[in-house]
Amino acid sequence: MKASHTRFRRAALSIALGACLSTMAPMVLAQSATGSVAGRASAGDQVQVTNVATGATRNVTAGADGTYRLGSLQVGSYNVQVIRNGQTVGEPVPVAVSLGGTTTVNLGSGGGVADMAAVTVVGDRVVNRVDVKSTETATNVTREEISRLPVDQSLSSVAMLAPGVIGGNSSFGGMSFGGSSVAENSVFINGLNVTDFYRRQSFSTAPFAFFQEFQVKTGGYSVEFGRSTGGVINAVSRSGSNEFDAGVEFTFEPSAWQSSGDDQFYADGSVNVRASHDRSSFTKANVWASGPIVRDRLFMFAMYEQRENTSGFTNAGGSSWSEREGSNGFWGTKVDWVLSDNHLLELLAFSDEGDTDTALYTYDFASRTVGDAPPSQSTASSGGKSGSVTYTGHFGENFTAKAMYGINRSSSFLRSPQDALCSWVTYNNASYGAVYRGMGSPSLGCHPGSNVVSHEDERKAKRLDFEWAVGDHLLRFGWDHELMTTDRVTFYPGDGVQYTAYGRTSATQVLDNGTPLPAGVNAFLMARERADGGVFDIEASAYYLEDVWSVTPNLLVNLGLRVDTFDNKTAAGASFIEMDNLVSPRFGFSWDMKGDGSTKLFGNLGRYYMPVTSIISYNFAGGLLDERTFYALNGWSAATNPVTGAPYMAPVIGQQIGAVDDQFNISVRDYRQSVDQDIDAVYQDEAIVGFQTMINQAWSWGVNATYRRMPNALDDVRINALCGVRHGTLWPIANPGDELTLWGTTAMGCAQDGWVTIDTAKEGYITVGSNRVIGYSKPKRTYTGVEFQIDRAWDEKWAFNASYLWSKSEGNHEGPVNSDTNYGDTGMVQHWDHPANNDRYGDLFNDRRHQIKLRGSYRFNEMWSVGGTVTALSGGPITAFGVTWPDENFAVASYTSEGSGGGTGWLCVARCSGNDPNGVPYTWQDRVYERTERGAFGRMPWTYNVGANVTWELPVDGIDLKARLSVYNLLNDQEVINVRARYEGNPNERRPTFGTGTRWQSPRYAQLVVSWNF
């Protein structure tokens, strides 16, 4: 028989991703790196699966109704064989087991596929276009598909292929899933949670080429997943096999292949951001090897990657030049020990540790000249070593147990030779930038400008997971526990004070400490002293129970319950925020409407809880010194850097203006006033309903609708009238708009010392001047989305996927970060610094009403292929934030800083300052306000991102040599993606910078990847 006929025969019998889905076998949403094979066979027959890579086998006996299932299989290729009376029947059926899914194979009495008419043959593979065993919304992407597309080498880039996943505020980084903020997602590598728990805006990662498959969960995920109200990225690494393999891969991103960034200007022609001189280059070399240590029993995959990064860039004003270099090695390894066919031990280890050195020079932008003076230097260290060990045991045919222990480490150190000798001096570009540039843009201070930070995080994770198949029910239950420890110390360099120069913005300017800026003082310094530190633990544990019930052959119901406990501790080890018995019910269904696996209706309903980040413990459970003092700026004096010998300008500090603003200090003496004693965890409820069907063997389409609501919040809240009487401001972590219990004292105006419970929707804050006791608006965030998707499977010739998502994200708070004002301290982001901050509802920052995503690839012949991606997103809303509001003589937000204090939707439009016709000064009671809703000032422009690649393969049998050239942002669009939202500087004085950009799309760049596998 010809080889081509053999391949076609095997393809016609193979099942990749599942086919013939009219079966009662339930699907498994495995958190670890596993999948399942299930289906029907003749009652009493044995079904054996054999891992093609390792030779490991597992057997199960088909039940009286003919159903069978083999769970907790490693991702990869398998052969399915029927065994009857000890003898093999028919030819093995090759199948592919994908991450987190079930491959369904219905076997006839002859050992082959039972119903060839129900098998979809696409090219040389059988592909299931509709998975009727899934009740979630998820996107699976393999490394083979990534190799055909212009997708940058990062987990985030892979995740953003999925509908509903977009980049969040680029000042923070991270991704928004379904309207959530960037601080609500979770990332797993081989079942190990690697999510940053300090801010939840990043994660650890191994070298990109270390991964085999990715699953992006955007909703409806199983009860074994928790601690996320956004989305989940689940990645699995490559593993060794019985074949010795190795390879090398080189990636090149030279600066010559990058377009220049656009310089950005304000309306008056002054500089906003200089970017046209910025450049960067990136090169990495990756070498890997895999094979058996002991054939059929012990396997290893190992990878080492050396990365070289260099970049040069100016500051926003173009007056300084930074040279940044990183030369670091990253590695990952996976060891699989097949103890027996029913017992497996896996070890994972990887490192993403790295150092980056920065040298800061003076710079003449017009002549592109770097100053001759020695630079200021600093070194940033990040990442850490992580690993896990996982045991999987199959006891009999119906019971599986899994145990995992893992450690995830990350660190963040920032240090400079000037740390001990030099203070940090900077300036506010909006109010003092013109003066600074008029000085010739000199170096200010002798420090390069950064906090002194020592930060280490460590997560110790333990999991137990069990599966027990009983008739039509698959019972799944388990427990997991994480001990997360943050060891962090932060302070300003030099004398511990950061000095920022500001210019006067109005004749009646009032500083943040409530003192009017004296007449004749046109420039001033804000001296901020901030220091904190400690070791803080968080314990998070959960148990879950799930029944995946095949009610009928065509109807699957998923009933689950998860119970979480969170315990954030103080630096002394006592409980600070403790929340237990957090019950998360989950329900899902999938109806195989035609009974042939071609069409399904599915849905799910569930609750998801969010843990408290350790940055809250760090700031509220260990003490915080955060004081601002204002001084007149009496010019600048020349000085010499004690480390480099370079000249710089030092501020001449004049008289102090007003009292020290110490309202942000947090004492460690009485935690009873630092956190609500009956605090509730943040949760989100979600409902999804969808439909999916095949068009023909290659094409399928689907539609689904998602609704999410987050009805509560957890943040620091301004309380200055716990007992209805004005007292010093407290900043407890609480649920705004809900009941609050704090320790009250007679000194605060309470009748006696003791616990006081108030409804913060009605009280807790007393206005200045009018002395009204008021409360906070109820938190609300909702997301509604309708997604359409059409897909054409890869058939060795071409593939295509297109999605359109209409969505709306609205409410009065984004979540645990505040992208509007670029405030990213998760869980304490000014949303509730004043009742005026959130007394309006409307379009939220991550509201992208229209999202279009296309991706496709085409192979011309054995040598040449191309791929492309297109993402088109409608612009986000532009919201205005004022500084005061009606009936109060108080600055809701900073007059000075655009980001401080949040802001209000009330804009003063008349009688805001000055005198009336009779020469009598207007008072705050005379002001006339106009209320503006979120998004009232229009939208940012649509953004378009087009990627393209071309791949060349050496057309020689036995030699796997490829070169892929990819271009990202092919059209070089550099549209604005974030704008300044502070509308006023003082009442009725519109800031000229309102609505101007702070972030733009990255310019076009190209990447060449050359790989040779042998």
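The model shown is predicted, which means the values in this text are computed figures rather than measured ones.

Parameters at a glance
Residues numbered from 1 in each chain as written. Predicted model: local features only at pLDDT ≥ 70, side-chain atom pairs only at ≥ 80, totals over all residues. Heavy atoms only, no water. Disulfide = S-S within 2.5 Å. Helix = DSSP H or I, 4+ residues; strand = E, 2+ residues; numbered from the N terminus. Buried < 20%, exposed > 50% of the residue type's maximum accessible area, 1.4 Å probe, protein only. pLDDT = per-residue confidence, 0-100. Contact = heavy atoms within 4.5 Å. Patch = residues over 30% accessible without salt bridge, like charges linked within 9 Å, V, L, I, M, F, W, Y side chains within 5 Å. Areas by Shrake-Rupley, 256 points an atom, 1.4 Å probe, with all protein chains shown as cover. Salt bridge = Lys/Arg side-chain N within 4 Å of Asp/Glu carboxyl O. Lys, Arg positive; Asp, Glu negative; His and termini not counted. Charge placed at Lys NZ, Arg CZ, Asp CG, Glu CD. Phe/Tyr/Trp six-rings, centres within 6.5 Å; stacked < 30°, edge-to-face > 60°. Lys NZ or Arg CZ within 6 Å of the ring centre and 35° of its normal. Core = buried A, V, L, I, M, F, W, Y, C linked by side-chain atoms within 4.5 Å.

Novice: Could you give me a rundown of the state of the cysteines, with the residues and numbers involved?
Specialist: Scanning the model with the defined rule gives 3 disulfides in all. Put simply, cysteine 723 and cysteine 750 are joined by a disulfide, and their sulfur atoms are 1.9 Å apart. Between cysteine 723 and cysteine 750 the sulfur-sulfur dihedral comes to about 80 degrees; the bridge is accordingly right-handed. One end of the pair, cysteine 723, is in the loop between β42 (715-716) and β43 (733-734); the other, cysteine 750, is in the loop between β44 (739-744) and β45 (754-759), and 27 residues separate them in sequence. Judged by relative accessible area, which is 27%, cysteine 723 ranks as partly exposed.

Novice: Tell me about the confidence of the model for the chain, and please be specific about residues and values.
Specialist: Mean pLDDT over the chain: 91, with 95% of residues reaching 70 or higher. The low-confidence segment residues 1-31, where pLDDT is below 50, has 127 contacts with residues more than four positions distant or belonging to other chains.

Novice: Could you give an account of a negative patch on the surface, with specific residues and numbers?
Specialist: On the surface, Glu308, Glu325, Asp355 and Asp357 cluster together to form a negatively charged patch. Note that aspartate 357 resides in strand β25 (residues 354-364). Of the residues examined, aspartate 357 reaches a relative accessible area of 41% and is grouped as partly exposed.

Novice: Any chance you could break down the packing of aromatic side chains for me, citing the residues and the numbers?
Specialist: By the definition in use, this model includes 34 aromatic pairs. Residues tyrosine 221 and phenylalanine 225 carry aromatic rings whose centres are separated by 6.2 Å and whose planes lie at 75 degrees to one another, so their mutual orientation is edge-to-face. In this structure, arginine 628 is placed above the aromatic ring of phenylalanine 664, and the distance from its NZ or CZ to the ring centre is 4.2 Å. Seen from the ring of tryptophan 743, arginine 672 lies directly overhead, with NZ or CZ sitting 4.0 Å from the centre.

Novice: Outline the nonpolar core, listing residues and values.
Specialist: Among the nonpolar cores identified, the biggest contains 32 residues, and Ile146, Val158, Ala159, Val165, Phe177, Phe211 and Phe214 are the most heavily contacted of them. Where this core is concerned, the elements lending two or more residues are α3 (155-159), β13 (175-177), β14 (186-189), β16 (211-219), β17 (232-237), β22 (298-314) and β24 (343-351). Every residue in contact with valine 158, bar those within four places of it in the chain, is listed here: Val141, Ile146, Val151, Phe208, Phe214 and Val216. Residues Phe536, Ile538, Ala621 and Met828 belong to the second largest nonpolar core, which totals 29 residues.

Novice: An account of the pattern of salt bridges is needed here, citing residue identities and associated values.
Specialist: With the rule as written, the count across this model stands at 45 salt bridges. Among the ionic pairs, arginine 463 bridges to glutamate 224, the shortest N-O distance being 4.0 Å. With arginine 463 in strand β31 (residues 452-470) and glutamate 224 in the loop between β16 and β17, the pair connects residues that are 239 residues apart, well separated along the chain. In this pair, the class of arginine 463 matches that of glutamate 224, namely buried. A cluster of three or more residues bridged by salt bridges with shared partners is formed by Arg69, Glu224, Arg463, Asp465, Glu467, Arg476 and Glu546.

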